[in-house]
Amino acid sequence: MKKVLPLILLFFSTGCGQGVPELSHAGICDGYPAWDTSSYKLPWPVGISHEVSQGNCGPASHLGAHRYSYDIRMDIGSSIVAARGGVIEKFEEQYDDGGGCDELNYLSIRHNDGTLAKYLHLTRNGVLVNLGATVNQGDSIALSGNSGCSSGAHLHFMVLTPDEKDTVPITFSNTTSNVRGLISGKNYTAQ
Ligand SMILES: [Zn+2]
């Protein structure tokens with residue numbers, strides 16, 4: 001009898017996803033690709049270190065469809081490089097740092113598998129590339145800032161599915177081990 005109860009509980013808790021209501025708000029962050037063969041490199045130059053101020057699945061704002069986002073603490077004007085090559089699809093750079101939530105400077109890069117990288121909170125006139133241009137991984141693309149809904153200068157980096165309705169889990173090949181992506185509060189050096 002002792003072994004029957006856990007099996008019944010397992011059956012009910014996995015049957016329809018209602019067994020873990022405490023996780024449904026933040027979502028579950030899983031399914032990371034192997035970091036050492038990842039298609040992505042850290043979006044800052046080789047030799048530079050930055051701290052991750054918020055990783056995946058919260059706690060503050062990286063929830064729901066945005067759960068695989070990263071916030072990277074960066075002084076205004078820090079160099080941002082392409083985490084992966086692609087085509088510059090869209091950008092905005094007209095707003096001052098410290099403005100309102102609808103005053104967001106950003107840059108989008110479409111990758112060859114259809115996914116879309118977004119680099120948010122750039123500084124005014126912080127876009128260094130032209131619309132429609134093709135960039136390679138590691139190319140200098142933008143300068144960080146504090147525009148839009150941002151409490152403190154940082155880069156928000158995320159990769160969206162081709163339909164742009166969800167984020168995808170990302171690891172980075174040119175830094176220390178990041179089996180489950182980058183972790184809040186840790187510093188990472190681009191190698
Ligand atoms: Zn963020």
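Residues numbered from 1 in each chain as written. Predicted model: local features only at pLDDT ≥ 70, side-chain atom pairs only at ≥ 80, totals over all residues.

J.: Help me get a handle on the sheet that holds strand β3 (residues 79-81), residues and values and all.
T.: Spatial strand order, β3-β9-β7: 3 strands in an open sheet with antiparallel pairing. In this open sheet, the two edge strands, each paired with only one partner strand, are β3 and β7 (122-127). On average, each strand axis in the sheet is inclined to that of its neighbour by 35°, with strand direction left out of account. As defined by bridge partners, β7 adjoins strand β9 (residues 140-144) across 2 bridges and the pair is classed as antiparallel. Looking at the pairing, Leu122 lines up with Ser144 of β9. (Pairing = 2+ DSSP bridges. Helix = DSSP H or I, 4+ residues; strand = E, 2+ residues; numbered from the N terminus. Axes fitted to C-alpha atoms, helices over the stretch in contact; angles between N-to-C directions.)

J.: So what about the sheet that holds strand β2 (residues 70-73)? Which residues, and what values?
T.: With respect to topology, 8 strands assemble into an open sheet ordered β8-β4-β5-β6-β10-β2-β1-β11, the strand pairing being antiparallel. The open sheet is flanked by β8 (134-135) and β11 (187-189), the only strands paired with a single partner. For strand β1 (residues 49-54) and β11, the ladder comprises 3 bridges, and the chain directions are antiparallel. When the sheet's bridge partners are listed, Ser49 is paired in β11 with Thr189.

J.: Go over the nonpolar core with me, naming the residues and quoting the values.
T.: Of all hydrophobic cores here, the largest spans 36 residues; its most connected members are Ile80, Leu107, Tyr119, Leu122, Ile141, Ala142 and Phe157. A total of 5 residues in this core trace back to one element, the largest contributor, which is strand β10 (residues 154-160). (Core = buried A, V, L, I, M, F, W, Y, C linked by C-beta atoms within 7 Å. Buried ≥ 20, exposed ≤ 12 C-beta atoms within 10 Å, placed from the backbone.)

J.: Run through unusual backbone geometry, naming residues and quoting values.
T.: With an omega dihedral of 10°, the bond running from Gly58 to Pro59 counts as a cis peptide bond. Its place among the elements puts Pro59 in the loop between β1 and β2. Positive phi is not limited to glycine here, since His121 has a value of about 75°. By the secondary structure assignment, His121 is in the loop between β6 (116-120) and β7. Under the C-beta neighbour-count criterion, His121 is labelled buried, with 27 such atoms within 10 Å. For Glu164, which is not glycine, the phi torsion reads 60° and is therefore positive. Along the polypeptide, Glu164 turns up in the loop between β10 and β11.

J.: Give a description of the pairing of strand β4 (residues 86-92) that names residues and reports values.
T.: Sheet analysis places β4 next to β8, joined by 2 bridges and oriented antiparallel. Of the residues in β8, the one forming a bridge with Val87 is Thr134. Bridge analysis of β4 against strand β5 (residues 106-110) gives 5 bridges, and the strand direction is antiparallel. When the sheet's bridge partners are listed, Ile88 is paired in β5 with Ile109.

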